[in-house]
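# Architecture and fold: a report
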Amino acid sequence: MIVSLRPPTFAPVLALSALAPTAYPEVDFARDIQPILNQNCVECHGGVKAAGDVSFVYEDRVVNFEGKSGSPVVKPGNVGASEMFYRVTTDDEDDLMPPPDEHETLSEEDIALIEEWIEGGAKWSGHWAFQTPSKPPVPETKFDDQATGDLDRFLFNRLEKEGLKPSTVEGSGRLLRRLSLGLTGLPPNVSELNAFEVAFENDSQVAVENVVDDLISRPAFGERWASMWLDLVRYADSGGLGQDQKRTIWAYRDWVVKAFNDDLPFDQFTIKQLAGDLLPRPTIGDLVATACQRNTQTNDEGGTDDEVFRVEAVVDRVNTTWQTWGSLTFGCVQCHDHPYDPLRNEEYYQFMAFYNNSADSDLSDEAPLITVPDDVRLYNEAAALRQGILELKESIWESGMGLQEQTDWRGVKGLKVKSNNSTKFSVVEKLGHDEFFTEGTVETKTHNLIDVPAASLGDEPITALLLTVLPYDPEASVSNPEWGFLVNDLEASVVDQNGEKEPIAFRLSVPDVPWMPTDPMNVIEGNGKNWGADSRIHYTRKLVLVPEVPLSLEKDEVLAFHIHCDKTGQGSHPMAIQRGQLSSSSDMRWTRLGKKGSETFPRIEELAQALKRLSDIPGTTVPIMHRRPDKLARPTHIFERGNAMVKGDLVFAGLPKTLTKVAPANGPLDRLEMARWWVSDNHPLTARVFVNRIWAQLFGIGIVPTLEDFGSSGEKPTHPELLDYLAVRFQKDYAFGVKAIIREVVLSHAYRQSSRVTPELLEQDPDNRLLARGPRLRLTAEMVRDQTLAMSGLIGSKRGGSPVHPPLPEGVWRPFASRDKWETPEVGDEDRYRRSIYTYVKRTIPFPTFATFDAPSREFCSPRRLSSNTPLQALVTLNDMVFVECAEALGKRLESDFSGSTEERLVQAHRLATGRSANSKQIEELVGLHDEVHAQSPDKVWLVLAQVLLNLDETLTY
Amino acid sequence: MKLESLLNETRLRTLEHETRRQFLSRCTTGLGAMFLAGKSGSFASGLDYSTHDTANPFNALPPHFRGKAKRVIYLHMIGAPSQLELFDYKPDLERLDGQACPQSFLEGKDFAFIQGTPNMLGPQYPFKQHGKSGAWVSDRLPFFSKVVDDVSFIKTLQTDQFNHGPAQLMVHSGQARIGYPSIGSWVTWGMGTENEDLPGFVVLLSGGRQPRVGKALWSSGFLPSVYQGVQCRSVGDPVLNVSNPEGISRDIRRSTLDTLKTLNTQTHEDFGDPETLTRIAQYEMAFRMQMAVPDAMDISKEPAEVHELYGTAPGKESFANNCLLARRLVERGTRYVQLFDWGWDSHGAGEAEALNGGFQDKCREVDKPMAALLTDLKRRGLLEDTLVVWSGEFGRTPMRENRNGREMKLIGRDHNPGAFTAWMAGGGIKPGVTYGETDEVGYSAAVNPVPMENYHATMLHLLGFDHKKLNYPFQGLDQRLTGVKDAKVIKGLLA
């Protein structure tokens, strides 16, 4: 392919188009008119700019729409009454459109098409990708005897029209190689080649079906297809910016591999990844799936603003979701309406609202996390425990929270507040209570040292204290949250006249949320149990503290209450309480709350046991999605011109109208409904987008070549009916079965045919978009390395688990955070030779081999790998230590495992590498090299021959 | 079979793809193509996009117009050197030394480490004017002071990032996040290189550590990965995998490649795929690179006089060696050479990063070589079409850093994105200019602020690119080095 280095939307479409009109008799808006409008009109009359209120993106701004001129832009059936037609045909230079001084005028063909379209009723069909696909009639073809199914009939029908014909079937060895690499990412071994050759000669149809069923059922299948998915969801084992520190999230990678291997239907695959946490009683797998959304970059460099990067992550989730499931450039709409497609600016933020309320906030510990048990048999128990814990916490918390709301709190006055450092506090009296706040700059690790004179607490014993923390500016903070606070320890004592201190023990605390970050009913005590707004404060926050025994102070005694906030937000931001109040209560119900014999006590005991049991289950952590409680919900605003710092109108969760017109969503809308909407019956994009990805993986180029853009500025499908056929097959006939649709594609004649190309065919169809020949593709980065490992016999069979650190050239690993070690397993250790998908993915230090062979470094969703050609690739496969180690191993195999004369060994090895037997000329050449090297360095002979075999063009393509 | 004819065939096929007829026919169906080309006026007059093909991703292409610079050497001092100790002389700050910082300087500002109210800190080293241009340079750079008349200073470069990672990314990709192409990638994508036996975009590191966001600083982002920077090293393989495995001589490798060529030629005869020819060419290019790279990277053959000029010592990793290597590489046709020198983060929290400590050593390490680089390029006639750029990623505060609110033992300054100094030389830069002025204490830009996008637009302009036209569609946007903001070329710097 020669397309690769051009930008994605620039892939050449060769001369096929010249023939297209013969296939379609009538003028079609989307096919014939919209391109003219997009090229000539929408720059001024489009989504961004709508001069004279006319926008050719929206039907109701064109058809029967009276713009500033007063006459309809387009009057269906009446060219004479259509302002547009006048404007493109007039001789009056002032009226002519497009303006002749800035733009070429429309061609006669274009004008004729527009005329025909208006006269024919100006039917606005809308963009093809926004219409629900339906199964088209299967066309007839004179090559029917070669078709293995309807899929071929669509292709053959087109070939016929182009004066082409399908090729004959590929030779068995090369076909098996194609199937094997295409389905599992690994080449066949010699015995597989032998067995298939025999079976193929016997009954090729049965042989191919059997081998496809076998390959699809291998665990290697999931490993190969997961790579495609992990590019889309930007999976990496590190966080990105700042330290780019290690992120433990491999359980998600394993979930994806398993989902492909278990043939998890794509609708479930979708729902779990977008909203698995919101499913009723989610399983461990459902929760792990949501880590899909936690592959966003985080920034933990000192002094960075968590809120900025939290918002960046949310924006990335929106863009990635639309790219991955919809192949739409929704990111476009972040700053303005889409220039070409009917997608509105506010719709971006309505969609963002689905993601804006997850609990994660760019924290270094990647919270919230769950622990995935090492032992799969414990999954159900762990999920049940987690669910039970959440429910218990909520119910226990409710009993405390209920009391907090019922209590008649007395504001405390007469506060004296100072700090342990240079931070200054002032106290002012407000209605019924004192309020303290900081003045001037605030230092890190500021403690609030609050003195309360006995007189301020009244005569009755104090059964509970209520700490209220406010944002500096409570109104503004809702939308533009301030840096928050985190209480990590509390101390209280009664101090008498002589300064003698009597410590006060708190028995329990009741925070204003049932979780995040503290547990209810656990006193904050500097052991990791903390409470606060981390890292941002949107709303007023409250915490009740219940002393072991009610407090009674003598006159002249003082209650000294010290709040410790030692956390520093990202290096320098003090997570201090900057504004607050204190209240007290003498309600005796606080003293009884949660005590033995109380109503909540059994639940507290049960919770303790459940927590203990869960923490005893060994496992690995994974960051997940978790919804913030409704009372702490973050409002979502439009960002003016895409700038997160300038908040515009408040919006609520919603989906773009252009799409809900054809695929309505079920209300009320939350993230789970959004997930279900993507895989709903009439959704026009999801199934098409996914089958197109599969097609591109197998044939090298999509039916829609712009995998990243199904919008009207992307390329059109070469075979629109085939795309719809496959989409309906996938979604309806196969109920979103991924293996079934892949199976149908690889069983087609198109996939099986020979990839041999004649100069004439190459001239007519250089990129093989018509498939008059079989695909011939470069191996992907993973395949290059995995195939070499497989041929050498070194490849490890271990699957899943912690990422591995295969050999890396010296000097490459210089991570900024030196604790992130690259420790390469010794020669012979299986972890040295695992499949590429298990290699540690560090965003700031991409694995050199993968980067050289065009794998993305996974910062953002990558819908398409552009293959390139550089001498550095040859240097990898010839000189990289992994490839040399493999070549040595393969050389040893040639020498000791293979039998016969040098010629015979070379024949077998050549077949292993390419799938086909070498001819005598080729063997002669290899033997010549054998003899030549033997004369110079006899011990290197088989290494050199192995290198040749591993570097053949045929070996590196499939 | 004759390689030459094979390669000719490859070239021919490439050309065929670029005929006007084919291009236009492509446009009639490629909507995206139409729209994108349409924006630059008429697509017959030129493309917005570079159109390399896989067979030849680095062939030299003309930029939008004839630029004065043909290649770039970028010297980045990682960690952000203090402009107040090197180039931005502030007598007022000297007078304010030791006094408490006015609150107005602190309000609404984010600092990485300063807390409470810090004190002002005067320049730590004496300044003098140098050369005919009268440029102010401190006594830390005695060699560089002698070449100031070849240099233009920007005193008011600005960034909106005050943390190293995002700020370094801003300088090199115009964005604060990783995943965007670096300047070197944009440039090599746009104009290829002049010697395809060498990488077109080379990265050289010194200072003992690599920058914190690592390879993201020379990433090709969403551009094809072939345009990422290639790290060349003074120790070990100069380019990864450029050496043959142990025991494989160049002769054996030649024979290996001959056999590969013969077998691949037959593959081409059997299957007819032009990609096979591309592969043959790729291996031949690799073979040439195996010669060309070690040759370019071997500074030992340079005459003693050159070693004396730069202060180089072959065989180790140093900024001096990298400067000499940069000259050798551009001389051989490398398009973009990026140097990163680590160790300039002068907070004062430790000896190595104190203005009255390690900073002095860093100055000594770079002063002579960077002056030598300009001198050497000039005497070889290379300076006129080689753009040399020097910068950090942000500036440093006129306040003394007071980590945890306390006076520290050593002297340092915190991060300041408001204004910092960069210099440029050669390649169409008007020599001896000082552009922009900071306020009395060097805290913010007072006259002619230079936002990062203008700095980038200027670099691209010098190379012959209209920054608005050097773009690439990604995530629904025509992405540019200069981003969506309206960038302006700094006319005052142009010769």
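Residues numbered from 1 in each chain as written. Chains lettered and ligands numbered in written order. Predicted model: local features only at pLDDT ≥ 70, side-chain atom pairs only at ≥ 80, totals over all residues.

## Describing the overall build of chain A
Looking only at helices and strands, one finds 32 helices and 20 strands in chain A. Dimensions along the principal axes, computed over C-alpha positions, put chain A at roughly 105 × 85 × 45 Å. Classification of the 958 residues of chain A by burial places 54% in the buried group. Considering only contacts in chain A between residues 6 or more positions apart, those separated by 24 or more positions represent 71%. (Helix = DSSP H or I, 4+ residues; strand = E, 2+ residues; numbered from the N terminus. Buried ≥ 20, exposed ≤ 12 C-beta atoms within 10 Å, placed from the backbone. Contact = placed C-beta atoms within 7 Å.)

## Here's the deal with the overall build of chain B
The secondary structure content of chain B amounts to 12 helices and 17 strands. Scored against the burial criterion, the 495 residues of chain B give a buried share of 61%. Across chain B, the fraction of contacts at a sequence separation of at least 24, relative to all contacts at a separation of at least 6, is 76%.

## Concerning the environment of Asp144 of chain A
Residues and elements named next belong to chain A. Relative to the assigned elements, Asp144 resides in the loop between helix 4 (108-119) and helix 5 (150-161). Under the C-beta neighbour-count criterion, Asp144 is labelled exposed, with 11 such atoms within 10 Å. For Asp144 and Asn157, which are 13 residues apart along the polypeptide, the C-alpha to C-alpha distance reads 9.4 Å.

## Some details on helix 10 (residues 319-331) of chain B
For an α-helix, the turn length of 3.6 residues means that residues three or four places apart are oriented alike. In this model helix 10 of chain B runs 18 Å from its N-terminal to its C-terminal C-alpha over 13 residues, within 8% of the 18 Å that 1.5 Å per residue would give. Looking at helix 10 of chain B, one finds that the buried residues are Phe319, Ala320, Asn321, Asn322, Cys323, Leu324, Leu325, Ala326, Arg327, Arg328, Leu329 and Val330 of chain B. (Expected span 1.5 Å × (residues − 1).)

## Section: the confidence of the model for chain A
For chain A, mean pLDDT is 89; residues scoring 70 or higher make up 95% of the total. pLDDT under 50 marks residues 1-24 of chain A. Its contacts with residues more than four places away, or in other chains, come to 69 contacts. (pLDDT = per-residue confidence, 0-100.)

## Description of the domain arrangement of chain A
All names here are of chain A. Taken domain by domain, chain A comprises domain 1 (29-124), domain 2 (230-374 + 631-684), domain 3 (391-617) and domain 4 (780-852 + 869-951). Each of domain 1 and domain 2 has a C-alpha centre, and the two are 38 Å apart. If you look at the interface, domain 1 gives 7 residues, while domain 2 gives 7 residues. Taken together, the residues of the side of domain 1 that touches domain 2 break down into 4 nonpolar, 3 polar and no charged. (Domains from an automatic or database assignment. Nonpolar A, V, L, I, M, F, W, Y, C, P; charged D, E, K, R; others polar.)

## A closer look at the pairing of strand 9 (residues 395-400) of chain B
Residues and elements named next belong to chain B. Across the 6 residues of strand 9, 6 count as buried, placing the element largely inside the fold. One ladder, built from 3 bridges, connects strand 9 with strand 10 (residues 413-416); its direction is antiparallel. If you follow Arg396 over to strand 10, its bridge partner there is His415. (Pairing = 2+ DSSP bridges.)

## Describing the nonpolar core
If you look at the biggest cluster of nonpolar residues, it comprises 312 residues, and the most contacted ones within it are Tyr252, Val288 and Leu945 of chain A together with Ala326 and Val389 of chain B. Looking at which element gives the most residues to this core, the answer is helix 8 (residues 274-297) of chain B, with 12 residues. Of all hydrophobic cores here, the second largest spans 47 residues; its members include Leu467, Val544, Leu553 and Leu582 of chain A. (Core = buried A, V, L, I, M, F, W, Y, C linked by C-beta atoms within 7 Å.)

## Section: the pairing of strand 5 (residues 433-439) of chain A
All names here are of chain A. Sheet topology note: the strand 4 (residues 424-430)/strand 5 ladder contains 7 bridges and is antiparallel. Within the sheet, the bridge partner assigned to Glu429 lies in strand 5 and is Asp434. From the end of strand 4 to the start of strand 5, which pair antiparallel, there are 2 residues, and Gly432 there has a positive phi angle of about 80°. Where strand 5 lies against strand 17 (residues 579-585), 3 bridges are found, and the strand directions are antiparallel. For Glu435, the partnering residue across the bridge sits in strand 17 and is Gln581.

## A few points about the packing of helix 15 (residues 379-406) of chain A against helix 18 (residues 601-616) of chain A
Between two packed helices, both the angle of their axes relative to each other and the distance between the axes serve to describe the pair. Residues and elements named next belong to chain A. Two elements in contact, helix 15 and helix 18, have axes whose closest approach is 9 Å; the angle formed by their N-to-C orientations is 150°. When the axes of helix 15 and helix 18 are compared, the pair comes out roughly antiparallel. Relative to helix 18, helix 15 is oriented so that their crossing is left-handed. Residues Ala382, Leu385, Arg386, Gly388, Ile389, Leu392, Lys393, Ser395 and Ile396 of helix 15 pack against Arg603, Ile604, Glu606, Leu607, Ala610, Leu611, Arg613 and Leu614 of helix 18. When its residues are assigned to classes, the contact of helix 15 with helix 18 shows 10 nonpolar, 2 polar and 5 charged. (Axes fitted to C-alpha atoms, helices over the stretch in contact; angles between N-to-C directions. Parallel < 35°, antiparallel > 145°, perpendicular 65-115°, else oblique. Left-handed = near helix turned anticlockwise from the far one by under 90°.)

## Observations concerning the sheet that holds strand 3 (residues 416-419) of chain A
Residue and element names in this part refer to chain A. Spatially, the 5 strands line up as an open sheet ordered 3-6-14-9-10, and their pairing is antiparallel. Strand pairing shows two members of the sheet lacking a second neighbour, strand 3 and strand 10 (501-503), which therefore form its edges. The average angle at which neighbouring strand axes cross in this sheet is 25°, direction not considered. When strand 9 (residues 489-495) meets strand 10, the two strands line up antiparallel, connected through 3 bridges. The residue bridging Val494 from the neighbouring strand is Glu502, located in strand 10.

## Some remarks on unusual backbone geometry
Residues and elements named next belong to chain A. Each neighbour pair has its own omega, and for Met97 with Pro98 the value is -10°, a cis peptide bond. The peptide bond linking Ala367 to Pro368 adopts the cis configuration, its omega dihedral lying at 0°. Within the secondary structure, Pro368 is located in the loop between helix 14 (345-355) and strand 1 (369-373). In this structure, Asp556 is a non-glycine residue whose phi angle is positive, near 75°.

## Some details on the packing of helix 6 (residues 172-184) of chain A against helix 7 (residues 190-202) of chain A
Residue and element names in this part refer to chain A. Between helix 6 and helix 7, the shortest axis-to-axis distance is 9 Å and the interhelical angle comes to 120°. Taken together, the axes of helix 6 and helix 7 lie oblique to each other. Relative to helix 7, the crossing made by helix 6 is right-handed. In this structure, helix 6 contributes Ser172, Gly173 and Leu176 to the contact, and helix 7 contributes Glu192, Leu193, Phe196, Glu197 and Phe200. Partitioning the contact of helix 6 with helix 7 into residue classes produces 4 nonpolar, 2 polar and 2 charged.

## Regarding the environment of Phe601 of chain A
Residue and element names in this part refer to chain A. By the secondary structure assignment, Phe601 is in helix 18. With 15 C-beta atoms packed within 10 Å, Phe601 lands in the partly exposed category. The sequence separation of Phe601 and Glu381 amounts to 220 residues, and the corresponding C-alpha distance is 24 Å. Every residue in contact with Phe601, bar those within four places of it in the chain, is listed here: Gly594, Lys595 and Lys596.

## Side note on helix 26 (residues 781-792) of chain A
Residues and elements named next belong to chain A. Under the 1.5 Å per step criterion, the end-to-end length of helix 26 is 17 Å for 12 residues, consistent within 8% with the ideal 16 Å. For helix 26, a buried count of 12 out of 12 residues is recorded, marking the element as mostly surrounded by other parts of the structure. Regarding helix 26, the residues found buried are Ala781, Glu782, Met783, Val784, Arg785, Asp786, Gln787, Thr788, Leu789, Ala790, Met791 and Ser792. At the exit of helix 26 stands Gly793, carrying a positive phi of roughly 85°.

## Re the confidence of the model for chain B
Residue and element names in this part refer to chain B. Predicted confidence across chain B gives a mean pLDDT of 86, with 88% of residues reaching 70 or more. Within the model, pLDDT remains below 50 along residues 11-48, and this stretch shows 64 contacts once partners closer than five positions in the same chain are excluded. Interface confidence in the predicted complex, given as ipTM, is 0.85; pTM for the same model is 0.83.

## Brief notes about the environment of Ala781 of chain A
All names here are of chain A. With respect to the helices and strands, the residue Ala781 is situated in helix 26. Residues Ala781 and Ser867, spaced 86 residues apart in sequence, show a C-alpha to C-alpha distance of 9.7 Å. Every residue in contact with Ala781, bar those within four places of it in the chain, is listed here: Thr849, Phe850, Phe853, Asp854 and Ala855.

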